[in-house]
Amino acid sequence: MKLITAVVKPFKVDEVKEALKAAGVTGITVDEVRGFGRQGGHTETYRGAEYQIDFVPKVRLQIVLDDDRVDDIVSCITNAATTGKIGDGKIWVTEVDRVIRIRTGDEGADAV
Amino acid sequence: MDTGDTAWVLISTALILFMTPGLAFFYGGMVRSKNVLGMLMQNYFAMGLISVLWAIAGFTIAFGGTGPIVGNFEFAWLSDVSALDGAIPGMAFVGFQMMFAVITPALITGATADRLEFSGYAVLIGLWSILVYAPVARWVFNSNGWIFESGALDFAGGAAIHINAGVAALAVVLVIGNRTGHGSEPMPPHNLPLTMLGTGILWFGWIGFNAGSALAADGVAAQALVNTHLAAAAGMLGWLLVERIKTGHATTLGAASGAVAGLVAITPCAGFVGGVAPLIIGGLAGVICVFALAIKARMNWDDSLDVIAVHLVGGVVGTLLLGVFADTAVNGDVDGLAFGGGFELLKDQFVAAVSVAAFSFAVTFLIATAIQRTMGLRVPVEDELLGLDQSQHAESAYSS
């Protein structure tokens, strides 16, 4: 089992979600996050006082799935989330030891 | 008794009352989210405390008897105010002036944001209203007052309200010191939509503040109304122009600040000027007040929400420009410099501004120091870091 974590631009989330549903993904977890990468922040000015805003808002998606679906789903996210501009985000894949469905106690692929 | 005049003064009273909630939201949006209830509370609380004090003693100190400095106690507890009945009932005048008394100390809260202990604040504005505002209102608004007698003009309170509160704000800031983290931590406004809402309410209420000060439903009131609106409009444009050139952006906070600066500056002038004067006064106030923002940085005064730049400087601009643009063709019997009156009025305006500023600074500094040394005026640092909402009121504005 693998965990795919993707950090994407907030306005791309709906496109990514639709693409994942179309690809047969049955569940994703989403949170609003802030951070910085090469995109950098921006400045805001209030009555002449400048504030450097370093953290940029992003959305983080987490998807647990079977090993053989990983390549397929990574390219699905990449296609949906790309704008070609700096700040499109990152995807990383990590190993998952166990997955359990709470209601039934099913484990592994059956639990996803 | 004139029913038309009375009706207009009663309506104006309601309009001015609404300015204090407007001010609360104007300031409330600019503070950090942990202090917004503290700010709203300080302003709304003035509507409670100052109204009661005004009825007991403030009104009679300002408007009783015939003394040039302070009044007597003939109207204490609002007794016998029917003696003031004329075109409007004495009681209408009491209510109208009460709303001025309420909002003036509330103006100070912008400078002292995020760090006043609530009970210390309550004592501060209570004493200030009786010891500073009521005498100054006497000098300026009562026909026996020495500034009124001197020939200086102040239609709706450029000196009595804005210079007075602006200088008092500085005095309190000097006593309590800067916010913890001032200059090292970012403290941007937490909710500019609240500030814009408050600005709209202030602008709306200011119609009553200035045009109501005619105390009649007449041509002077109409002139004051149009002047007030035009000065706000020109103030907004002036501020935005400078801001756009200096920083590259016209900001919503700049639009709000410029409009308020224009409103402050036209306040002393509203019923005494006409023609293009309100545009010049408002526009100049917008431009000068943006540059005045630099004063607090230069002096390291944490005038948190720019009461000095907007109210003190705006009040001075209006009070002095009235010495230039006062026009007997509009109202009154003194012409300013631009209408052939020479420097006489300008000199009187200068004396009035300096006198109010000096008195207000000295007495406010003493009151604030006395409170700070006895019961305490500034919150302990841990309460400041927690925020006023939780430390002073055991509440949160926004549940998470």
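In case you missed it, the structure is sitting above this.
Residues numbered from 1 in each chain as written. Chains lettered and ligands numbered in written order. Predicted model: local features only at pLDDT ≥ 70, side-chain atom pairs only at ≥ 80, totals over all residues.

J.: Whenever I open this one, the sheet that holds strand β1 (residues 2-8) of chain A confuses me. Can you help?
T.: Neighbouring strands of a sheet are bound in pairs by backbone hydrogen bonds; such pairs are parallel or else antiparallel. Residue and element names in this part refer to chain A. Strand order across the open sheet formed by 4 strands is β2-β5-β1-β6, with antiparallel pairing between neighbours. Two strands lie at the open edges of the sheet, namely β2 (29-35) and β6 (89-95), each paired on one side alone. Neighbour to neighbour, the strand axes of the sheet diverge by 20° on average, direction disregarded. With 7 bridges joining them, β1 and β6 adopt antiparallel strand pairing. Bridging across to β6, Val8 finds its partner in Gly89. (Pairing = 2+ DSSP bridges. Helix = DSSP H or I, 4+ residues; strand = E, 2+ residues; numbered from the N terminus. Axes fitted to C-alpha atoms, helices over the stretch in contact; angles between N-to-C directions.)

J.: Looking at this model, I keep getting lost on the interface of chain B and chain A. Mind explaining?
T.: Tallying the contact residues gives 10 residues for chain B and 6 residues for chain A. Considering only residue class, the side of chain B that touches chain A consists of 5 nonpolar, 4 polar and 1 charged. (Contact = placed C-beta atoms within 7 Å. Nonpolar A, V, L, I, M, F, W, Y, C, P; charged D, E, K, R; others polar.)

J.: I'm lost on the environment of Val25(A) in this one. Help?
T.: Residues and elements named next belong to chain A. Following the sequence through the fold, Val25 ends up in the loop between α1 (13-22) and β2. Taking C-alpha positions, Val25 is 9.2 Å from Val64, a pair spaced 39 residues apart along the chain. Among all residues touching Val25, those that are not within four sequence positions of it are Leu20, Ile63, Leu65 and Ile73.

J.: Looking at this model, I keep getting lost on the packing of helix α3 (residues 90-108) of chain B against helix α6 (residues 158-176) of chain B. Mind explaining?
T.: In a pair of packed helices, the angle between the axes and the distance between the axes together describe the arrangement. Residues and elements named next belong to chain B. For the pair α3 and α6, interaxial distance at closest approach is 8 Å and the crossing angle is 35°. Crossing handedness for the pair α3 and α6: right-handed. Contact residues: Phe100, Thr104, Pro105, Leu107 and Ile108 in α3; Ile161, Asn164, Ala165, Ala168, Ala169 and Val172 in α6. For the contact of α3 with α6, a count of residues per class yields 9 nonpolar, 2 polar and no charged. (Left-handed = near helix turned anticlockwise from the far one by under 90°.)

J.: Is there a simple way to think about the pairing of β2(A) in this case?
T.: Successive side chains on a regular strand alternate, one facing one side of the sheet and the next facing the other. Residue and element names in this part refer to chain A. Little of β2 is tucked away: 0 of the 7 residues are buried. Across 7 bridges, β2 lies against strand β5 (residues 56-65) in antiparallel orientation. What sits directly across from Asp31, in β5, is Arg60. (Buried ≥ 20, exposed ≤ 12 C-beta atoms within 10 Å, placed from the backbone.)

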